[in-house]
Every structure is written in structure tokens, then in C-alpha cells.
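Chain and residue survey
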Amino acid sequence: MTEPVRHDYGPGPDQFLEVSLPAGDGPAPVVVVVHGGFWRARYGIELARPLAADLAARGWAAVAVEYRRVGAGGGWPTTLQDVAAAVDALPDVPSAARLDLGDVTVLGHSAGGHLAAWTAGRGRLPAGAPGADPRVPVSAVVAQAGVLDLGAAVAADLGDGATAGFLGGTPAELPDRYAAADPVRLLPTGVPVLCVHGEEDTSVPLDQSRRFAAAAAALGDTVEVVVVPGDHMAVIDVSGVAWRRTVDWLADRRTAAAGGTTLGS
């Protein structure tokens, strides 16, 4: 694998991505890694880098994304616009020839899981909404302890008001924003989703993944929920069970797409 190469998708200091390429010369399937942290500025791309490095070592082109967060120019609508712009910038990176843009998975943890699932629903957004009219289609999503039902997150006061802080108010106060930002409200997407969740997670309870999966199934989407031992951070431990289940799911998808050619190990 190569050292990560930075590409700026916008003018701000937090509008960049880092591309880590696997060994070889040909195009590789892409995994975009979106870090979490309840959309707040004190958490950054450093949370995504270990996952991106592991994915590149296993044969994926890994793209870690930084974006504007609440407290540093983020929130509504800039956080959503940034993640959309980062995904749509993939054809413009210098190493674009090494990226299989027909196989783009977006993977995210916690608030990054929200953003990952939201990218899959961008095609359902009305014209003019933040992130509408996607340039790069999303093939699959992995939500690691994702915040996938924003209304339920507000009701449960997850992250001490993090969701209302991100969108600027409650669903009752800002229904249009929630309609445009909530993954569960953008179903069905037709995009397969893996939800990986720690059974002891008290930061983002397992109910978030289960509610999303039930809503998706009712509309004909495919969502698999994998419950693993551990807390909120266990799902991003690259030496842990949750990560092993994640990379196995990604590899199985790639194998099926390639007609039996195994990717990575």
C-alpha cells in the first residue's frame, strides 16, 4: 500500500480527503471512511486513519474524509455539503485511475455512520437540498454504531443534544431539515447496508441500528445488523471482532461482484 495522499475538495482547512492505495496497478474497489464524534469539531480524521490503513493493506482503495463539524463551521448544511462534495470529488483525485468508481462503499462510525447512510439516500433528495444530485453513486454502506434515526436520537438526547446541535433545532422546529438529513426518512435507497453495533453501546444504543433496519426492510431494502461484544468504540478497533466481521462482509461483496475472485485476506 502507498502512503496517504491528501486531496482538497474545498477551500477550507477541514475540506480534504486522504487516499490510501493498495498494492498493484489496476483499479481497486473504494471504501470511503467517514469518522464520527457526534458531528463536533473536537473529533477529527485521526479516528478514520487506522481503518483506512487497514483497508488499503487488505486491497481496497481507502479514502478517509475530513469535513467541517459543529464548532468549526459545520452543522447544517455545511457538514452534509462537505461529505457529499468529498464523495463527488473522487473522479478528480490524481489517483482516480486506481479507483473503481463502480464499487464505492461508504463506511462511517457513529455520526459518521449517519453521514455514510445519508450518502446512500442522496438520490432521493429534492433539487436544491444539500447533497442532492450525486455525481458518484454509492454501492454499499457500512454503519458502525450509526446514528440512523435522527428523530429517535433527539428523543433520547444522544450525545447531550448533539443531533439538535447539528441541525439547529428539533424535528418539530425544523421538519424540512430533518427530512433532508435523516437516513431513515430517505429510505428506500436500494443500497445494501451493514449495521455493526456493540451490544454494550450506551453512547448510540443498538436500537438505532434495529429501527433503521426494520424501516428499511419494510420498504424492500437490504440491511444486515451484526451485534458484537463491546461498547461504542469497539466497532472501530481494527484488531477486534467487529472489524473482522466488517471486512469479511466487504470481501464477500467484492467476491460476489467479481464472480469468485477473492479480494484481500
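Up top you'll find the structure we're talking about.
Residues numbered from 1 in each chain as written. Predicted model: local features only at pLDDT ≥ 70, side-chain atom pairs only at ≥ 80, totals over all residues. Heavy atoms only, no water.

**Concerning the overall build of the chain**
Rules: Strands are runs of DSSP state E lasting at least two residues, helices are runs of H or I lasting at least four, and both sets are numbered from the N terminus onward. We compute the radius of gyration over the C-alpha atoms and compare it with the globule rule, which gives 2.2 Å times the number of residues raised to the power 0.38. A 1.4 Å probe rolled over the protein chains alone gives each residue an accessible area, and that area as a share of the maximum for its type sets the label: buried under 20%, exposed over 50%, partly exposed in between. Should any heavy atoms of two residues lie within 4.5 Å, those residues are counted as being in contact. Here the positive residues are Lys and Arg and the negative ones are Asp and Glu; neither His nor the chain ends is included. We put the charge of a Lys on NZ, of an Arg on CZ, of an Asp on CG and of a Glu on CD.
Counting secondary structure elements, the chain contains 8 helices and 8 strands. A globule of 265 residues ought to have a C-alpha radius of gyration of about 18 Å, and the chain, at 17 Å, matches this closely. Along the longest, intermediate and shortest principal axes, the C-alpha atoms of the chain span 50 × 40 × 35 Å. Taken over 265 residues, the chain has a buried fraction of 57%. Across the chain, every contact between residues at least 6 apart in sequence was considered, and the portion connecting residues at least 24 apart equals 74%. For the chain, the distance from the average site of its 19 positive side-chain charges to the average site of its 30 negative ones is 2 Å.

**Concerning the packing of helix α1 (residues 49–57) against helix α8 (residues 241–257)**
To keep things clear, this is the line we draw: Where helices are involved, their axes are fitted lines through C-alpha atoms of the stretch in contact, as for all axes, and angles between N-to-C directions lie from 0 to 180°. An angle below 35 degrees is treated as roughly parallel, one above 145 as roughly antiparallel, one from 65 to 115 as roughly perpendicular, and anything else as oblique. For a crossing to be left-handed, the near helix must be turned anticlockwise from the far one by less than a right angle; the clockwise case is right-handed. Any residue that is not Ala, Val, Leu, Ile, Met, Phe, Trp, Tyr, Cys, Pro, Asp, Glu, Lys or Arg is counted as polar, Gly included; the first ten are nonpolar and the last four charged.
Two elements in contact, α1 and α8, have axes separated by 12 Å at closest approach and are oriented at 45 degrees. Between α1 and α8, the angle is such that the two are oblique. The crossing of α1 and α8 is right-handed. Mapping the contact onto sequence places Leu-51, Asp-54 and Leu-55 in α1 and Trp-243, Val-247 and Leu-250 in α8. Within the contact of α1 with α8, the residues separate by chemical class into 5 nonpolar, no polar and 1 charged.

**Re the sheet that holds strand β3 (residues 28–34)**
To be explicit about the condition: What makes two strands pair is DSSP finding at least two bridges between them.
An order of β1-β2-β4-β3-β5-β6-β7-β8 is seen for the 8 strands of this open sheet, with the pairing classed as mixed. Strands at the two margins of the open sheet, each flanked by one partner only, are β1 (5–8) and β8 (223–228). Strand-to-strand twist across the sheet, computed as the mean angle between neighbouring axes with direction ignored, equals 20 degrees. Helix-sheet contacts for helix α3 (residues 111–120) involve β3, β5 (99–109) and β6 (140–144), and the interaxial angle to β5 is about 145 degrees.

**Examining the side chain of Arg-122**
Note the cut-off: Two N or O atoms count as a polar contact when they lie within 3.5 Å, although within protein this holds only if one can serve as hydrogen donor and the other as acceptor, and sequence-adjacent residues are included solely when both atoms are side-chain atoms.
One can find Arg-122 in the loop between α3 and β6. Reaching out from Arg-122, the side chain makes a polar contact with the backbone oxygen of Gly-131 at a distance of 2.6 Å. When near neighbours in sequence (up to four residues on either side) are disregarded, Arg-122 contacts Ala-84, Val-87, Asp-88, Gly-131, Ala-132, Asp-133, Pro-134 and Arg-135.

**Some points on the pairing of strand β7 (residues 193–198)**
For β7, the buried fraction is high: 6 of the 6 residues fall into the buried class. Residues Val-193, Cys-195 and His-197 of β7 are buried on one face, and the alternating residues Leu-194, Val-196 and Gly-198, pointing to the opposite face, are buried as well. Both β7 and β8 contribute to a ladder of 6 bridges, which runs parallel. Within β8, the position partnered with His-197 by the bridge is Val-227.

**Quick notes on the nonpolar core**
Selection rule: To define a nonpolar core, start from buried Ala, Val, Leu, Ile, Met, Phe, Trp, Tyr and Cys residues and group those joined through side-chain atoms within 4.5 Å.
Residues Val-32 and Trp-39 are the most contacted members of the largest nonpolar core, which totals 60 residues. Top contributing element to this core by residue count: α3, with 6 residues. Here Val-32 is in contact with Val-63, Val-65, Val-87, Leu-90, Val-104, Thr-105, Val-106 and Leu-107, once residues within four sequence places are set aside. With 27 residues, the next largest nonpolar core counts Ala-64, Ala-140, Val-226 and Trp-243 among its residues.

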